Amino acid sequence: MAATAIKTVGIVGAGIMGQGIAQVFAVAGYDVLLYDIQPERISAGLALIRKNMEAAVEKGKLSAAQKDEANKRINSVNDFRYLQVDLAIESVIEKLEVKQKILQELEKNNSTETILATNTSSIPVTQIAAVLKHPKRFAGLHFFNPAPAMKLVEIIKGASTQETTVNTLRALVENLGKVSVLANDSPGFIVNRVARHFYVESLQLLEENVASVETIDTLMRSTGFKMGPFELMDLIGIDTNFSVTNSIYHSFHQDSKFRPSRLQQQKVDAGHHGRKSGKGFYDYTTKS
Ligand code: NAD
């Protein structure tokens, strides 16, 4: 399918990324259908999209008319089978089997032209595609957080992804006003593989009691990073960040340079997932 033929976009997962991606497509003029296994995540996602777009209007980044149009273009479905679209993007938890099951269902319920994509941060696209009948129409389409603000989108070409699928996605990313970078399939692709060391090494510093969360964040910001590692993990979601590190660690056969942190495991176990849960390395119940 050519990029110009894509009119409707289905998004599975209304979490941090799914809602941001929905906003991006709706603002760019696409009809969006959003689905999540937890209905309350859909309503929370839609409310946050509205709030974010209102803030964009206040900042002069979006006109009030654009905001209203985009709001009208986003709808939700309460049954997976209603997601019949030109492009379907899965953006659920970072678990291979969950992603594979969703994509298999999407493939079954959609036309043989529909392009399927995953927003995975780390799982090799070829591995996800192993269960698909038509892996040639499937690729990685990796947005960054927050999706409306971040310009970069990684397009990941799996072993069976057809060149035409990649070309369509490149043109589509351009239509969204974003910049695509093509990566061949490898765990963590480009950005997340390099960025792993930012997190892993900072967590190790903390475990060794070399410096506090605040000190490490302040120092890293002062060297030019927009955010320190701990505030960034809180933004991403500590559970998601931990799953991504685990996935990359195992994909590289337990290479110690990617070893996940026990401290991070503890945060996940405690339900301290960062901003989305109100508490992570920082406390957002008191922080403005
Ligand atoms: P999140 O935890 O905020 O949201 C995940 C959503 O998936 C939840 O709402 C959950 O209910 C839903 N879900 C789980 N199982 C489902 C199923 N079977 N069917 C439908 N919905 C289901 O996670 P997130 O941060 O939005 O991450 C989603 C994906 O995006 C992951 O693959 C992650 O690696 C990737 N990603 C995350 C970031 C980030 O900074 N958080 C950045 C880029 C990519």
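Here, every reference points to the structure presented above.
Predicted, not measured: the structure shown is a model, and the values here were computed from it.

Conventions used here
Within every chain, residues take consecutive numbers counted from 1 along the sequence as written. The predicted origin of the model limits local features to residues at a pLDDT of at least 70 and limits the giving and counting of side-chain atom pairs to 80 or more, whereas totals for whole chains, interfaces and linings rest on all residues. Just so you know, side-chain values use all the structure's heavy atoms and leave hydrogens and water out. Both cavities and pockets are sets of points on a 1 Å grid over the protein atoms alone; in a cavity a 1.4 Å probe fits but cannot get out, in a pocket the set is open with protein on both sides within 12 Å along at least five of seven lines, and lining residues sit with an atom within 4 Å of a point. Grid points are joined across faces, edges and corners, and a volume is the space filled by probe spheres set on the points. By the criteria applied, helices consist of DSSP H or I runs no shorter than four residues and strands consist of E runs no shorter than two, each listed in order from the N terminus. By nonpolar core we mean a set of buried residues, namely Ala, Val, Leu, Ile, Met, Phe, Trp, Tyr and Cys, connected to one another through side-chain atoms within 4.5 Å. Note on exposure labels: buried denotes an accessible area under 20% of the residue type's maximum, exposed denotes more than 50%, and partly exposed covers the range between, all computed with a 1.4 Å probe on protein chains only. The contact criterion used throughout is that any non-hydrogen atoms of two residues lie within 4.5 Å. Two strands pair under a simple rule: DSSP has to find at least two bridges between them. As a rule, the C-alpha atoms of each element are fitted with a line to give its axis, helices using only the stretch in contact, and angles between N-to-C directions run from 0 to 180 degrees. Directions from the helix axis toward the C-beta atoms define the arc. To count toward a patch, a residue needs a relative accessible area over 30% and no salt bridge; like charges are then connected within 9 Å, while nonpolar side chains (Val, Leu, Ile, Met, Phe, Trp, Tyr) are connected within 5 Å. Per-residue and other accessible areas follow the Shrake-Rupley method at a 1.4 Å probe size, with only the shown protein chains counted as cover for residues. Whenever Lys or Arg places a side-chain nitrogen within 4 Å of a carboxyl oxygen from Asp or Glu, that contact is recorded as a salt bridge. Definition of nearness: a residue and a molecule or strand are near each other if at least one heavy atom of the residue lies within 4 Å of the molecule or strand. Under the rule applied, a polar contact is a pair of N or O atoms within 3.5 Å (in protein, one hydrogen donor and one hydrogen acceptor; residues adjacent in sequence only if both atoms are side-chain atoms).

A.B. asks: Which residues make up empty space enclosed by the protein, and what values go with them?
C.D. replies: Regions of empty space are outlined by a rolling probe, equal in size to a water molecule, passed over the atoms. Per the counting criterion, the structure on display carries 1 cavity of 30 Å³ or more. Roughly 30 Å³ of internal volume is contained in the largest cavity. Together, Tyr199, Val200, Leu203, Asn241, Thr245, Arg259, Pro260, Ser261 and Gln264 line the largest cavity. Taken together, the elements giving at least two residues each to the lining of the largest cavity come down to α7 (191-207) and α10 (238-251).

A.B. asks: So what's going on with the nonpolar core? Which residues, and what values?
C.D. replies: Soluble, globular proteins show a tendency: their nonpolar side chains are buried together. In terms of nonpolar packing, the biggest core is built from 36 residues, with Phe25, Leu87, Leu141 and Phe143 touching the most fellow members. The biggest single contributor to this core is helix α1 (residues 16-27), with 6 residues. In this structure Leu141 touches Ile89, Ala117, Thr118, Asn119, Val153, Glu154, Ile155, Leu169 and Val173, once residues within four positions along its chain are discounted. Counting residues in each nonpolar core, the second largest holds 21 residues, with Leu96, Ile102, Leu116 and Ile156 among its members.

A.B. asks: Run through the sheet that holds strand β7 (residues 152-157), naming residues and quoting values.
C.D. replies: Taken in spatial order, the 8 strands of this open sheet run β3-β2-β1-β4-β5-β6-β7-β8, and their pairing is mixed. Of all strands in the sheet, those bounded by a partner on one side alone are β3 (74-76) and β8 (179-184). Strand-to-strand, the axes of this sheet are offset by a mean angle of 25°, without reference to chain direction. Lying over the sheet, helix α2 (residues 39-58) contacts β2 (31-35) and β3, oriented at roughly 170° with respect to β3. Seen against the sheet, helix α3 (residues 64-73) touches β2 and β3 and runs at an angle of roughly 25° to β3.

A.B. asks: I'd like a description of helix α8 (residues 213-222), backed by residues and values.
C.D. replies: If you check which residues of α8 are buried, you get Val213, Ile216 and Asp217. For α8, the buried positions fall inside an angular range of 95° around the axis, keeping them on one side. Phi turns positive, to about 120°, at Gly224, one or two residues after α8.

A.B. asks: I'd like a description of a nonpolar patch on the surface, backed by residues and values.
C.D. replies: Taken together, the side chains of Val181, Ile190, Val191 and Val194 define a hydrophobic patch exposed on the protein surface, amounting to about 280 Å² of accessible area. Its location among the elements puts Val194 in helix α7.

A.B. asks: Break down the site of the ligand for me, with residues and values.
C.D. replies: Residues in contact with the ligand amount to 25 residues; listed here are only the nearest, Asp36, Gln38, Glu94, Lys99 and Ser121. Residue Asn119 places a side-chain N or O atom 3.1 Å away from an oxygen atom belonging to the ligand. Protein burial of the ligand: of its 830 Å² of free accessible surface, 92% is covered by the chains. Among the elements of the structure, α1, α4 (96-109) and β6 (138-143) are those that each provide at least two residues to the shell around the ligand.

A.B. asks: I'd like to hear about the side chain of Ser186, residue by residue, with values.
C.D. replies: Secondary-structure assignment places Ser186 in the loop between β8 and α7. Engagement of the side chain of Ser186 in a polar contact is seen with the side chain of Arg193, the distance being 3.4 Å. When neighbours within four sequence positions are excluded, Ser186 is seen to be in contact with Arg193 and Phe252.

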